[in-house]
Amino acid sequence: MAPLEEKNQLISTPENQMATLEEKNQLIAPPEYQMVTLEEKNQLVAALEYQMTTFEENSRSTPGPETQPSKRRKRKSMVWEHFTIETVSSDCRRASCKQCRKSFAYSMGSKVSGTSHLKRHIAKGTCLALLNNQGNRQTPGTPTMNGNSNLSDPPRRRYRSRNSASISFDFDRFSQKIARMMIMHDYPLHMVEHPGFVNFVKSLEPRFDMVSFNTVQGDCISGYLREKQKVMKFIECLPGRVCLTLNVWTSSQSLSYVFITGHFIDGDWKPQRRILNVATEPYPNSDAALSHAVASCLSDWNLEGKLFSITFNHPVCESGRENLRSLLCIKNPLIINGQLLFGNCSAHALSSFAKDVLWEGREIIKKVRYSVKYVKTTESHEQKFRELKQQLQVPSEKGLSLDNQAQWNTTYQMLVAASELKEVFSCLDTFDPNYKEAPSMKDWKRVDIMCTYLKPLFDAANFLASRTGAAQNTFFHEVWKMHDLYHSITSHGDPFVISLAKIMQEKMDKYLKECILALAIVVVMDPRFKMKLIEFSFLRFYGEEAGKHVKIIDGGLHELFLEYVRLPHPLNSAYAEDGNFENNTKTEEISDNGLADCDVYVKTTSQDTKSELEQYLEDSLSPRHQEMDVLKWWEENKLKYPTLSKMARDILTIQVSTAEPNTVFDTEIKELDSYRSSLRPETVEALVCAKDWLRYGPEASTEVSNALAEVKGLGS
């Protein structure tokens, strides 16, 4: 029996101790356990794990009476990269951390403590020496930026996948996914060449050879063309006409971009919209600026003969409209001589009105803005303002806020809040000597007048922002409230008010002259109002002359209806228009021998019966429910009013505004960012249109968030 000192030396022999790579660099795995990279073999192999054998496991000597022979056992835990086993006594061993030399229980006799507490020491960051060595930048087992793990880090556990070697790699599909990502999230196409992105993709799929800018640009255009075919098939099946909206965007270059969006109602009576084209226009202010863009859109999408109206957010002179009218009438029959063809964006008109009001009061607004800034930018000033407000017992609950001059509603809200607190501002100079340039009482009176003019604009703009499509059919009422107000403020003696009233009256009269017919007939197609709201509004304003103006609306409505009566009726029109021709032909032949079209003809030409329009106008009004779905009502009554329902479908497609809800209050024209404007025009069109179309695809619900519901984010 060797003395205890000799046994301890045998126990601590090198082959049974854990040696770190920095200390020995002699532990080399056999070839069958070496790590083979994925690039070399295209298969996953298990990571090399150090093995450790105790002296008792290797000893061939006869076991003592207290011990039993133990089998060879591999130490697979990652903790042995950081711990060594130290023998304290014959029946006690402890694990010692190589970094901080702290000792932990490992075994006592035949009882082994396990490695969980050792893992926590390393992985949870309780080993301060290890954290200092790593610079507090990486957790154990985290690869460095170049893809290699720190030598002192424990290797991450790897799992062998039986099917990984047989997974096929589709390069084309991978490229399409990258292009789709670029389109959906407005990423710059050059991102595919950025080293960080390249390393990231390589870490996910080393077999993928990264693409260049030209390649991803081609993939985006290819994806756009694939989606375009789907949209074209969808538009070909439309039962009604199409209304276009044109938004002109500027750029840092001398070019402008015309965003053309198509609006229509599908066979299920659901409003739809798609961005159809993004046309580059080098001379947006010329008479022929928009003619080429509209004509190209109609030809590109086979919409000749289907156009119903065009709504602009860009002012178009009369010569420009005539130029476009003569171009369209060649292939597109103009409804009632084009009286409904052109319309101005109501949101743009409201912003123009608001800008005029703010411009007239610009000097007063500067004083108010200075006062608000004085209070809001310093905590001590705001505290003094609150104390003074409490002393004066001003009941206003509105909070002060500075305005964003790119959105006029914020300026209006600033003026309203400041006006309610004008008593506090008037006394603030005595309470705080540093406060100067306070608005006078005359200034505050003019602020109240400006707020009076801005409030109906604010309410109408909120109406547009909260409703889209056919839900905007009562916008006529909002416009008429502004018309009444602006014509009622004429007797005020203040020159400021007289000048402001004159400007607003002239602009409102011009706006109504251009769009009153379109606004009115949209209201008539609402079964809750019909002609009654028109008659009521005109009677309040025109008095005894109201009948003359009502007759103009009624005459245009009947003329439009007669044009729809003269249109050729397809066989079984009541069914074929909704795409159910094949399913209903046999049923129709059995029920009336295919004479449905004859019945329509008899109804619309017989002198002894009333027309559909007259019958509709004479029927009682529907209950005025605020959330009534007007399109749903016409779908349910299309058999009762077959011709009028077609006319209503097209009329309710007219857009009173081209602005998205979040841009209704904008005072500036949208500007395309410098990166997008540096791309080729066809690439810009592909990116914008494809992004819009992908929102309506089968994967939209899982891939596109609500923040992508509108086309936005391209502006600088």
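- Per an unreviewed UniProt entry, the chain carries the name Zinc finger BED domain-containing protein DAYSLEEPER-like and comes from Populus euphratica.
- Taken from UniProt, the Subcellular location (unreviewed entry) comment for the chain reads in full: "Nucleus".
- Of the chain, the UniProt comment under Subunit (unreviewed entry) reads exactly: "Homodimer."

Things to note about the overall build of the chain
No. 1: The helix and strand inventory of the chain stands at 29 helices and 10 strands.
No. 2: Here the chain holds 716 residues, and 44% of them are scored as buried.
No. 3: Looking at the chain alone, contacts between residues at least 24 apart form 68% of all its contacts between residues at least 6 apart.
No. 4: When the accessible surface of the chain is totalled, it reaches about 39200 Å², and 52% of it is carbon and sulfur.

Considerations on the pattern of salt bridges
No. 1: Inspection of every chain in the model, using the stated rule, returns 28 salt bridges.
No. 2: When the shortest N-O distance is used, the salt bridge between D403 and R369 registers 2.9 Å. In this pair, D403 is assigned in the loop between helix 13 (379-392) and helix 14 (408-420) and R369 in helix 12 (residues 362-376), connecting sequence segments 34 residues apart. Residues D403 and R369 agree in their burial class; the two are buried.

Structural notes on the sheet that holds strand 3 (residues 103-108)
No. 1: One open sheet accounts for four strands, arranged 1-2-3-4; its pairing is antiparallel. If you trace the sheet from one side to the other, it starts and ends with strand 1 (83-89) and strand 4 (111-112), each paired once.
No. 2: Sheet analysis places strand 3 next to strand 4, joined by two bridges and oriented antiparallel. The partner of S107 across the bridge, within strand 4, is V112.
No. 3: On top of the sheet, helix 4 (residues 116-123) reaches strand 1, strand 2 (92-97) and strand 3; it is set at about 165° to strand 3, its chief contact.

Topic: unusual backbone geometry
As a rule of thumb, non-glycine residues mostly have phi less than zero, and peptide bonds are mostly trans rather than cis.
No. 1: Backbone geometry places R101, a non-glycine residue, at a positive phi of 65°.
No. 2: Tracing the backbone through its elements, the reader meets R101 in the loop between strand 2 and strand 3.
No. 3: Notably, E437 is not glycine yet its phi reads approximately 60°, a positive angle.
No. 4: For E437, a relative accessible area of 57% puts it in the exposed group.

Overview of helix 15 (residues 422-431)
No. 1: Of all the residues in helix 15, the buried ones are V424, F425 and L428. With its buried residues spanning 95° around the axis, helix 15 presents them on a single face.
No. 2: Turning to helix 15, the residues buried within the fold contact helix 12, helix 13, helix 14 and helix 16 (441-466).

A look at helix 19 (residues 532-542)
No. 1: Buried within helix 19 are the following residues: L533, I534, S537 and F538. For helix 19, the angular spread of buried residues about the axis comes to 120°, placing them on one side. Seen from the open side of helix 19, the exposed residues pointing more than 90 degrees away from its buried face are K532, L539 and R540.
No. 2: Close packing links the buried residues of helix 19 with helix 17 (475-488), helix 18 (495-524) and helix 20 (546-566).
No. 3: G543 sits one or two positions beyond helix 19 and adopts a positive phi of about 65°.

Some details on the nonpolar core
No. 1: Counting 106 residues, the largest nonpolar core has F425, L457, F475, M525 and W634 as its most contacted members.
No. 2: Apart from the residues lying within four places of it in its own chain, the contact partners of F475 are S346, L350, A460, F463, L464, Y511, L519 and V656.
No. 3: Grouped together as the second largest cluster of nonpolar side chains are 59 residues, L238, V248, Y257 and L687 included.

Examining the pairing of strand 8 (residues 307-312)
No. 1: A large share of strand 8 lies buried, amounting to six of its six residues.
No. 2: Where strand 5 (residues 242-251) and strand 8 come together, five bridges link them in parallel fashion. Bridge pairing in strand 8 links L246 to F312.
No. 3: As judged from the three bridges shared by strand 8 and strand 9 (residues 342-344), these two strands associate in the parallel manner. Its bridge partner lying in strand 9, F312 is registered against N344.
No. 4: Once the chain exits strand 8 it traverses helix 10 (residues 318-328) before rejoining the sheet at strand 9, and the crossover so formed is right-handed.

Quick notes on the confidence of the model for the chain
No. 1: Per-chain confidence: the chain averages 78 in pLDDT, with 75% of residues scoring 70 or above.
No. 2: Low confidence marks residues 1-72, where pLDDT is under 50. Its contacts with residues over four positions away, or in another chain, come to 75 contacts.
No. 3: Taken as a whole, residues 136-166 scores under 50 in pLDDT and shows 49 contacts with residues more than four places along the chain or in a different chain.

Here we look at the pairing of strand 1
No. 1: Pairing of strand 1 with strand 2, which is carried by six bridges, proceeds in the antiparallel orientation. Pairing of T84 across the sheet is with S96, part of strand 2.
No. 2: Taking the residues that link successive antiparallel strands as the turn, the strand 1-strand 2 hairpin has two residues.

Overview of the state of the cysteines
No. 1: For the structure on display, the rule yields zero disulfides.
No. 2: Between C100, a cysteine without a disulfide, and C97, which holds the nearest cysteine sulfur, the sulfur-to-sulfur distance is 3.6 Å.

Observations regarding the environment of N302
No. 1: Structurally, N302 is set in the loop between helix 9 (291-300) and strand 8.
No. 2: Exposure remark for N302: the relative accessible area of 46% places this residue in the partly exposed category.
No. 3: Along the sequence, N302 and M232 sit 70 residues apart, while their C-alpha atoms lie 8.7 Å from each other.

A word on the packing of aromatic side chains
No. 1: Tallied over the full model, the rule gives 34 aromatic pairs.
No. 2: Relative to F104, the ring of F83 lies with its centre 5.8 Å away and its plane at 75°, an arrangement referred to as edge-to-face. Here F104 lies in strand 3 and F83 lies in strand 1, a separation of 21 residues in the sequence. In terms of burial, F83 and F104 fall into one category: buried.
No. 3: Among the aromatic residues, those joined into a ring-pair cluster are Y370, Y374, F385, F425, Y435 and W444.
No. 4: Positioned above the aromatic ring of W359, the side-chain terminus of R362 is 3.9 Å from the ring centre.

Let's talk about the environment of A546
No. 1: Counting through the fold element by element, A546 comes out in helix 20.
No. 2: Among residues more than four places away in sequence, those in contact with A546 are F538 and L539.

Examining the packing of helix 20 against helix 26 (residues 642-651)
No. 1: Two elements in contact, helix 20 and helix 26, have axes whose closest approach is 9 Å; the angle formed by their N-to-C orientations is 115°. Both helix 20 and helix 26 take part in a crossing whose hand is right-handed. Residues L557, L560, F561, Y564 and V565 of helix 20 form the contact with helix 26, whose participating residues are T643, L644, K646, M647, D650 and I651.
No. 2: Residues belonging to the contact of helix 20 with helix 26 are distributed by class as follows: eight nonpolar, one polar and two charged.

Criteria and cut-off values
- Residues numbered from 1 in each chain as written.
- Predicted model: local features only at pLDDT ≥ 70, side-chain atom pairs only at ≥ 80, totals over all residues.
- Heavy atoms only, no water.
- UniProt positions renumbered as here; feature names shortened; annotations may be inferred.
- Helix = DSSP H or I, 4+ residues; strand = E, 2+ residues; numbered from the N terminus.
- Buried < 20%, exposed > 50% of the residue type's maximum accessible area, 1.4 Å probe, protein only.
- Contact = heavy atoms within 4.5 Å.
- Areas by Shrake-Rupley, 256 points an atom, 1.4 Å probe, with all protein chains shown as cover.
- Salt bridge = Lys/Arg side-chain N within 4 Å of Asp/Glu carboxyl O.
- Pairing = 2+ DSSP bridges.
- Axes fitted to C-alpha atoms, helices over the stretch in contact; angles between N-to-C directions.
- Arc of directions from axis to C-beta.
- Core = buried A, V, L, I, M, F, W, Y, C linked by side-chain atoms within 4.5 Å.
- Right-handed = clockwise from strand over helix to strand, strands pointing away.
- pLDDT = per-residue confidence, 0-100.
- Disulfide = S-S within 2.5 Å.
- Phe/Tyr/Trp six-rings, centres within 6.5 Å; stacked < 30°, edge-to-face > 60°.
- Lys NZ or Arg CZ within 6 Å of the ring centre and 35° of its normal.
- Left-handed = near helix turned anticlockwise from the far one by under 90°.
- Nonpolar A, V, L, I, M, F, W, Y, C, P; charged D, E, K, R; others polar.

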